[in-house]
Amino acid sequence: MQLDVRTLVISLMLVAGVNSLVMLLAWRYTSSMRNITGFWSVSQLLFLSGTALLSLRYAIPDFLSIVGCNVLLLGGQAALQEGLGHYIGQPGLYRSWTVSIVAVQLGLASFFTYVFPSLEWRIVCYSVMSACMCIPGVLTLRRNGEQEEAPKRFLRGVFFANMGIMASRVLAAFIEPLSHEAQAQTSLWHTLPLAGLLCLYVALSLGMFWMIMHKMSLQAQQQAETDSLTNVPNRRAMDGYFAQLYSQQQGAIAVMMIDIDKFKDINDSFGHRAGDCYLVSISQEIQKNLQPEAALFRYAGDEFLVVMQQADRRALTVAAQTVQQKVENLLVPWSGGKIIQTTVSVGLALTEKRLGSWDELVQLADLAMYRVKSNGGNGIAWYEEETQVKQSI
């Protein structure tokens, strides 16, 4: 098969068609990622439409095969950027940038098609705009110190490679000026960058699919580590958190064990649905009154655990008192005009040295909490033999 522009464009169109189908299937079956896969499906459909118009260069009007093609291809890059914004949780990121690029290219393509016809300048303008469209993608993948995941590094490399290929197209336009469009069909200076774009487009497709699979894996992990009722991290997440914390321990580690007083009475008096409702409300109340650096976990049925790094006795005591008072004043409405209200028992433990395992520190806080329980509950205690339970009835 002869390596010419038309053949390469048709190859690009076929790859775009396959990608469009796969992305649409991904959109159909990944309900939690539909914003991402939806925009990426649109991007592939726009790429498909743009390459289809380009393949019909001499069979349709210039406005469609040149201006329309340019706008659709850059629109595909803009839609790709929209998907990236959703991927990192910042929809609309750099939208004004991408929309402006599409609008500018619309004007430039029209000018160099009808006002001052020039194939070289059309190539230069599109290449520069396409390279500029890659910049938001590179910035997005590094936005706010986003974790350096392998799929992000790969896709960022694709963007840089695209910028390099577009620079080579600009260079080719000046090294080998074209007297007519037919000359560009077989010119090595113009076919090689397009061949590179074909390879790069396949790499882009693999990068997007890789990011989708990686996102699905992270979501599955998050679901496995999140309590389905209260929506706070569960015991499994706590294990991983402590493992990471102990591997890089700096300063003191403090824990707060919180147990709901008379929770069984709530279930017996109001029913288990009421108990579930109270668990949701109290988890939200605790989370709302913790410092941002504190981590909350559901430890067991009616027990929650708070972990604080680089904490001291005073800070942990103040945090525990705040939680205790807020929970004591928490009124949870239930059916029939009933109100659910109870208190908590809180055990505190802190260590500045590395223990044999994190479980030892939790056990110390657990023992302190049971001392509060044995004294009627609704109090705070440190794990120290001489500490007296502080009752606040």
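The structure displayed is predicted, hence computed values, not measured ones.

Enquirer: Would you explain the overall build of the protein chain in this entry?
Expert: Counting its secondary structure elements, the protein chain contains 13 helices and eight strands. Relative to the globule expectation of 21 Å for 393 residues, the C-alpha radius of gyration of the protein chain, 30 Å, shows a markedly less compact shape. Pairs at least 24 residues apart make up 70% of the contacts formed inside the protein chain by residues separated by at least 6 positions. Roughly 19100 Å² of accessible area belongs to the protein chain as shown, and the carbon and sulfur atoms make up 59% of that amount. Charge-centre separation for the protein chain: the mean point of 29 positive side chains lies 5 Å from the mean point of 30 negative side chains.

Enquirer: Can you walk me through the nonpolar core in this structure?
Expert: Soluble globular proteins: nonpolar side chains tend toward being buried together. Counting 46 residues, the largest nonpolar core has W40, L74, L84, L155, F159, L204 and M211 as the members making the most contacts within it. Breaking this core down by element, the ones donating at least two residues are α1 (5-29), α2 (34-55), α3 (62-87), α4 (95-115), α5 (119-140), α6 (150-175) and α8 (188-224). Sorting elements by how many residues they give to this core places α8 first, with eleven residues. Counting residues in hydrophobic clusters, the runner-up holds 32 residues, among them I258, L290, L330 and V344.

Enquirer: Could you clarify how one ought to interpret α4 in this entry?
Expert: An α-helical turn contains 3.6 residues, so any two residues separated by three or four positions project in the same direction. Between its terminal C-alpha atoms α4 stretches 29 Å, which fits the 30 Å expected from 21 residues at 1.5 Å a residue. Of the positions making up α4, those classed as buried are T98, I101, V102, Q105, A109, F112 and T113. All buried residues of α4 fall inside an arc of 110 degrees around its axis, so they share one side. Facing away from the buried side of α4, by more than 90 degrees, are the exposed residues S96, V99 and V115. Along its buried surface, α4 packs onto α3 and α5.

Enquirer: What is the right way to read a nonpolar patch on the surface from this model?
Expert: Judged by side-chain polarity, F63, L64, F111, Y114, V115, F116, W121 and F174 come together as a nonpolar surface patch covering roughly 830 Å² of accessible area. Mapped onto the nonpolar patch, the elements with two or more residues apiece are α3 and α4. It is α4 that contributes the most residues to the nonpolar patch, three residues altogether. Its place among the elements puts L64 in helix α3.

Enquirer: Is there a simple way to explain the environment of S335 in this structure?
Expert: Following the sequence through the fold, S335 ends up in the loop between β4 (332-334) and β5 (338-340). Of the residues examined, S335 reaches a relative accessible area of 48% and is grouped as partly exposed. C-alpha separation for the pair S335 and D265, spaced 70 residues apart in sequence, amounts to 17 Å.

Enquirer: Help me understand the confidence of the model for the protein chain in this model?
Expert: Note that predicted coordinates carrying low pLDDT should not be read in detail. On average, residues of the protein chain score 89 in pLDDT, and 90% of them reach the 70 mark or higher. In this model, residues 385-393 is a region of pLDDT below 50 whose contacts with residues beyond four sequence positions or in other chains number 21 contacts.

Enquirer: Help me understand the packing of α3 against α4 in this model?
Expert: Two quantities define a packed helix pair, namely the angle between the helix axes and the distance between the axes. Between α3 and α4, the shortest axis-to-axis distance is 10 Å and the interhelical angle comes to 170 degrees. Considering their axes alone, α3 and α4 lie roughly antiparallel with respect to each other. As α3 packs across α4, the resulting crossing turns out to be right-handed. Contacts between α3 and α4 involve D62, F63, I66, V67, N70, V71, L74, G75, A78, Q81 and E82 from the first element and R95, T98, I101, V102, Q105, L106, A109, S110, T113 and Y114 from the second. Here the contact of α3 with α4 is composed, by residue class, of eleven nonpolar, seven polar and three charged.

Enquirer: What is the right way to look at the pattern of salt bridges in this model?
Expert: Counted under the stated rule, the structure contains eight salt bridges. For K373, the salt bridge goes to D259, with nearest N and O atoms at 2.5 Å. A residue pair is termed long-range when its members are at least 10 positions apart, and K373 in helix α13 (residues 358-374) and D259 in strand β1 (residues 253-260) qualify at 114 residues. Assessed through its relative accessible area of 5%, D259 is described here as buried. Measuring nitrogen to oxygen at the nearest pair gives 3.3 Å for the salt bridge that ties E285 to K288. Within this pair, E285 and its partner K288 are both found in helix α11 (residues 272-288), separated by three residues, close to a single helical turn. Residue K288 is classed as exposed on the basis of its relative accessible area of 60%. Salt bridges linked by common partners bring D259, D261 and K373 together as one network.

Scoring rules and cut-offs
Residues numbered from 1 in each chain as written. Predicted model: local features only at pLDDT ≥ 70, side-chain atom pairs only at ≥ 80, totals over all residues. Heavy atoms only, no water. Helix = DSSP H or I, 4+ residues; strand = E, 2+ residues; numbered from the N terminus. Rg over C-alpha atoms; globule rule 2.2 N^0.38 Å. Contact = heavy atoms within 4.5 Å. Areas by Shrake-Rupley, 256 points an atom, 1.4 Å probe, with all protein chains shown as cover. Lys, Arg positive; Asp, Glu negative; His and termini not counted. Charge placed at Lys NZ, Arg CZ, Asp CG, Glu CD. Core = buried A, V, L, I, M, F, W, Y, C linked by side-chain atoms within 4.5 Å. Buried < 20%, exposed > 50% of the residue type's maximum accessible area, 1.4 Å probe, protein only. Expected span 1.5 Å × (residues − 1). Arc of directions from axis to C-beta. Patch = residues over 30% accessible without salt bridge, like charges linked within 9 Å, V, L, I, M, F, W, Y side chains within 5 Å. Salt bridge = Lys/Arg side-chain N within 4 Å of Asp/Glu carboxyl O. pLDDT = per-residue confidence, 0-100. Axes fitted to C-alpha atoms, helices over the stretch in contact; angles between N-to-C directions. Parallel < 35°, antiparallel > 145°, perpendicular 65-115°, else oblique. Left-handed = near helix turned anticlockwise from the far one by under 90°. Nonpolar A, V, L, I, M, F, W, Y, C, P; charged D, E, K, R; others polar.

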